[in-house]
Amino acid sequence: MLTNLNIENIAVIEKAEIEFSGGLNVLTGETGAGKSILVDSINAVLGERTSKELVRHGADNASVTAVFESVNPTVMQKACELGLATDEDDSLIIARRISSQGKSTCRVNGVPCTVTMARELGSMLVNIHGQHDSQQLLNPDFHCSILDLTGNNSNYLTEYQSAFRQLVAIRKRLKILTADADTKDRRLEILDYQIKELTDADIKVGEKAELLSRRDLVMNSQSIANAMQQVAGAINGDDETAGLSGVTATLTKTVADIADVDSKSKALYDMLGTLADDIERVKDAAAERLAELDFSENELEKIEERLDLIYRLGTKYGETEVDMLAYLENAVRERDSIVNSDEELEKLNVEYDKAYELTLKAAEALNAYRVSLAEKLQDDVCSELRFLDMPKIKFVVSIGRGKLSSSGFDSVEFLISTNPGEPPKPLAKIASGGELSRIMLAIKNIIAKNESVQTLIFDEIDTGVSGGTSRKIGLKLKSVSEHTQVICVTHSAQIASVADEHMLISKDYRNDRTYTSVTRLDYEQRKNELARIMGGLEITDSLLQSAEELLNNTNTN
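Going along each chain's sequence as written, the residues are numbered from 1 onward. Owing to the predicted nature of the model, reporting of local features is limited to residues with pLDDT of at least 70; listing and counting of side-chain atom pairs is limited to 80 or more, with chain, interface and lining totals taken over all residues. Here the side-chain values reflect all heavy atoms present in the structure, with hydrogen atoms and water set aside.

## Re the overall build of the protein
- Counting from the N terminus, the helices are the DSSP runs of H or I reaching at least four residues and the strands are the DSSP runs of E reaching at least two. Helices and strands together make up the secondary structure of the protein, namely 19 helices and 15 strands.
- Radius of gyration means the value over C-alpha atoms here, while the globule rule gives 2.2 Å times the residue count to the 0.38 power. Computed over C-alpha atoms, the radius of gyration of the protein comes to 42 Å, more than 25% over the 24 Å expected from 2.2 N^0.38 for 557 residues, which places it beyond the range of a compact globule.
- Considered along the principal axes of its C-alpha atoms, the protein spans approximately 135 × 75 × 45 Å.
- When burial is assessed residue by residue, the protein has 40% of its 557 residues classed as buried.
- Averaging the locations of the 62 positively and 90 negatively charged side chains of the protein gives two centres separated by 7 Å. In this scheme, a residue with accessible area under 20% of its type's maximum is buried, one over 50% is exposed, and one in between is partly exposed, where area comes from a 1.4 Å probe on protein chains only. His is not counted here, nor are the chain ends, while Lys and Arg score as positive and Asp and Glu score as negative. All charge positions are set by atom: Lys at NZ, Arg at CZ, Asp at CG, Glu at CD.

This is the structure we're talking about:
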């Protein structure tokens, strides 16, 4: 459950730390004090979409940190699967920082993670019922998913969706193969041309790099030849000038003549011998390199033509040789597929019939499961609503049959009759705002018993209901909180009076800035807050007495 929420620089909240307990936690306060901002903060830390507008004006960053303790083993297992650190005490600390530029970062137990990972964990930790969520009941498109949530066996839906995905994949392949003949012929013509062009080109991996290197060598061959010739000329000499080889030979003979009478000249003689050998090696290397420079007159032209072909093909089929060869391979595969399409089409039709039969069978199993869920949901909702001052209501889950879709072939719609003798009609046509709130609360309570979520948050669930009914809603929330932590933002004194923990959200103004604070209330403070909610501007003795009666009578039905 959520035990601690730390908020900094979120909208009008400069800094707030809230400790929640198990059971029913209620937050009250004047309109505009920042109650809904708390819900926005929780949404943010749980990975929901947010924006830089949430950052308090003048602040560089905003942050929200949520501490969850005694976390469900299923959630801890999911955290491990996501590669996030977990504590031995089964706790999770989720933090999110939002910059004034709109960038955000998330951490779980100090380990960086993506917003998607935080949202995946958050959906398993907390279920938030916002002010406008009841409006979903007006849209039948949501009714099927709501019905599924009331069950505790998702295997039927999982198995169906797996079969349906396979069916869709086969259908897509069939659609390609059954394209009109003209389209196939045009495609074959294009593929044949592309395959021939690439095959004739005989592209080799690494060829372009080799050609570029060879082109540079050919273009610089004359300069290289001139250099080698100069080296050979300097060593060999000519009719007018002695070369290095001749000069070295003369010097060697001169030193040799005195080496016998001057022992120290022997070392110089040896050095000249080594120099002569080195000069010969240089001459041989230059001659060898000169012999290698064997280029035909039109080689450069052929290289340029080949490079031009490779560049031209690259603009059509891929920048590198690997890309072009991959394109060729895919083109051959596609051509073969089209050429052999009749045979493949027959095979796919058989596969499709089998997949359709399997999908239909899974859809029928899912339908039977949903029918059983619907019967139970009808009874459970009516039971919940009788407690919430709607004793005459008839709640019906209508299940029709439509086309196969990702959720089955079931067409689910919630119907109600609020007066005996009247036929059930769609919620959108007859349900009031207060009735929608109570129906949604009833469904949330039923779902909570089957979910692993340990925290339910309700943002103004009392919208559109009277004081007496609010009392019943409060007692229902109290009942839910016996097995699931409940956090409720409310304007109702009747709901606030049954809370296990009551916190006041208030704001004040200092130095032309707005500041919001959260205060845990003791008994006397709660009494004054309830009187304020009931009476408005002036708190009278009679209001205080009524507030005290509410606080002392939390078990009244």
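## Re the confidence of the model for the protein
- On a range of 0 to 100, pLDDT expresses the predictor's confidence in each residue. Per-residue confidence for the protein gives a mean pLDDT of 85, with 94% of residues at or over 70.
- Looking at the elements of the protein, mean pLDDT is at its lowest for helix α8 (residues 221-236), recorded as 74, and at its highest for strand β4 (residues 61-68), recorded as 93.

## Regarding the nonpolar core
- Leu-137, Phe-395, Phe-414, Ile-439 and Leu-477 are the most contacted members of the largest nonpolar core, which has 59 residues in total.
- Counting residues per element, this core draws most heavily on helix α13 (residues 341-387), which supplies ten residues.
- Whether two residues touch is decided by their heavy atoms; if any such pair falls within 4.5 Å, the residues are in contact. For Leu-137, the residues in contact, after removing those within four places along its chain, are His-143, Ile-146, Phe-414, Leu-427, Leu-436, Ile-439, Met-440 and Ile-443.
- Counting 47 residues, the second largest nonpolar core, distinct from the first, contains Ile-10, Ile-42, Cys-106 and Met-503. To define a nonpolar core, start from buried Ala, Val, Leu, Ile, Met, Phe, Trp, Tyr and Cys residues and group those joined through side-chain atoms within 4.5 Å.

## Here's the deal with the packing of aromatic side chains
- For Phe, Tyr and Trp, where Trp contributes only its six-membered ring, two rings pair if their centres lie within 6.5 Å, and the inter-plane angle classes them as stacked under 30 degrees, edge-to-face over 60, or tilted in between. Throughout the structure, instances matching the rule amount to five aromatic pairs.
- A centroid spacing of 5.8 Å and a plane angle of 20° characterise the contact between Tyr-160 and Phe-164, whose relative ring orientation is stacked. On the criterion of helical spacing, the pair formed by Tyr-160 and Phe-164 is a turn pair, its members being four residues apart in helix α5 (residues 155-177). We note that Tyr-160, like Phe-164, is buried.
- With centroids separated by 5.3 Å and ring planes inclined at 50°, the aromatic side chains of Phe-395 and Phe-414 adopt a geometry described as tilted. Of the two residues, Phe-395 is situated in strand β9 (residues 394-405) and Phe-414 in strand β10 (residues 408-417); the sequence distance between them amounts to 19 residues.
- For the cation-ring pair, Arg-401 lies above Phe-409, with the distance from its terminal atom to the ring centre recorded as 4.0 Å. Charge-over-ring placement is defined geometrically: NZ (Lys) or CZ (Arg) within 6 Å of the ring centre, and within 35 degrees of the ring normal.

## Focus on α13
- The span expected for a helix works out to 1.5 Å for each residue beyond the first. With 47 residues, α13 ought to run about 69 Å at 1.5 Å a step, and its terminal C-alpha atoms sit 64 Å apart, in line with that.
- A positive phi of about 65° marks Asp-389, the residue just after α13.

## As for the pattern of salt bridges
- Think of a salt bridge as a Lys or Arg side-chain nitrogen and an Asp or Glu carboxyl oxygen that are within 4 Å of each other. By the definition in use, this model includes 20 salt bridges.
- As a salt-bridge pair, Lys-316 and Glu-197 come within 2.9 Å of each other at their nearest N and O atoms. Linking Lys-316 in helix α11 (residues 299-317) with Glu-197 in helix α6 (residues 181-201), this pair joins segments that are 119 residues apart in sequence.
- You can call Lys-316 partly exposed: its relative accessible area is 39%.
- A residue is classified by how much of its surface remains accessible, and Glu-197, at 14% relative accessible area, is buried.
- Across the pair Arg-281 and Asp-278 runs a salt bridge whose closest N-O atoms are separated by 2.1 Å. Pair noted here: Arg-281 and Asp-278 are both in helix α10 (residues 265-292), with a separation of three residues, about one helical turn.
- By relative accessible area, Arg-281 is classed as exposed at 53%.
- One connected set of salt bridges, linked through shared partners, spans Lys-78, Glu-81 and Glu-120.

## A look at the packing of α13 against helix α15 (residues 433-448)
- To obtain an axis, a line is fitted to C-alpha atoms, over the contacting stretch when the element is a helix, and the angle between two such axes runs from 0 to 180 degrees between their N-to-C directions. Contact geometry for α13 and α15: axes closest at 9 Å, N-to-C directions at 120°. On the basis of their axis angle, the class for α13 and α15 is oblique. The element α13 and its partner α15 pack so that their crossing is right-handed. Across from Leu-377, Asp-380, Val-381, Glu-384 and Leu-385 in α13, the residues of α15 making contact are Arg-438, Ile-439, Ala-442, Ile-443, Asn-445 and Ile-446. Note on terminology: angles under 35 degrees are roughly parallel, angles over 145 are roughly antiparallel, angles of 65 to 115 are roughly perpendicular, and the others are oblique. Note on convention: near helix rotated counterclockwise from far helix by under a right angle means a left-handed crossing. Clockwise means right-handed.

## Things to note about the packing of helix α7 (residues 207-219) against α11
- In the contact formed by α7 and α11, the axes pass within 10 Å of each other and the chain directions differ by 150°. It follows that α7 is roughly antiparallel to α11 by the angle criterion. When the axes of α7 and α11 are compared, the crossing they make is left-handed. Contacts from Glu-207, Lys-208, Leu-211, Leu-212, Arg-214, Arg-215, Val-218 and Met-219 in α7 reach Glu-299, Leu-300, Ile-303, Glu-304, Arg-306, Leu-307, Ile-310 and Tyr-311 in α11.
- Classes in brief: Ala, Val, Leu, Ile, Met, Phe, Trp, Tyr, Cys and Pro nonpolar; Asp, Glu, Lys and Arg charged; the others, Gly included, polar. Along the lines of polarity and charge, the residues of the contact of α7 with α11 split into nine nonpolar, no polar and seven charged.

## Considerations on the side chain of Arg-526
- Here Arg-526 shows up in helix α18 (residues 523-535).
- Although Arg-526 is buried, it makes no salt bridge; Glu-501 carries the closest opposite charge, 7.3 Å away.
- Sequence-distant contacts of Arg-526, defined by excluding residues within four places in its chain, comprise Ala-496, Ser-497, Val-498, Ala-499, His-502, Leu-521 and Leu-551.

## Digging into the side chain of Arg-438
- Summarising the element assignment, Arg-438 is placed in helix α15.
- There is no salt bridge for the buried Arg-438, and the closest opposite charge comes from Glu-435, which lies 5.3 Å off by N-O distance.
- The contact partners of Arg-438, leaving out residues within four places of it in the chain, are Leu-385, Leu-388, Asp-389, Met-390, Val-465, Thr-469 and Ile-473.

## Observations regarding unusual backbone geometry
- Not every positive phi belongs to a glycine, and Ala-11 is a case in point at roughly 50°.
- With phi around 55°, Asp-90 is a residue other than glycine that occupies positive phi space.
- Within the element layout of this structure, Asp-90 appears in the loop between α2 (73-81) and β5 (92-99).

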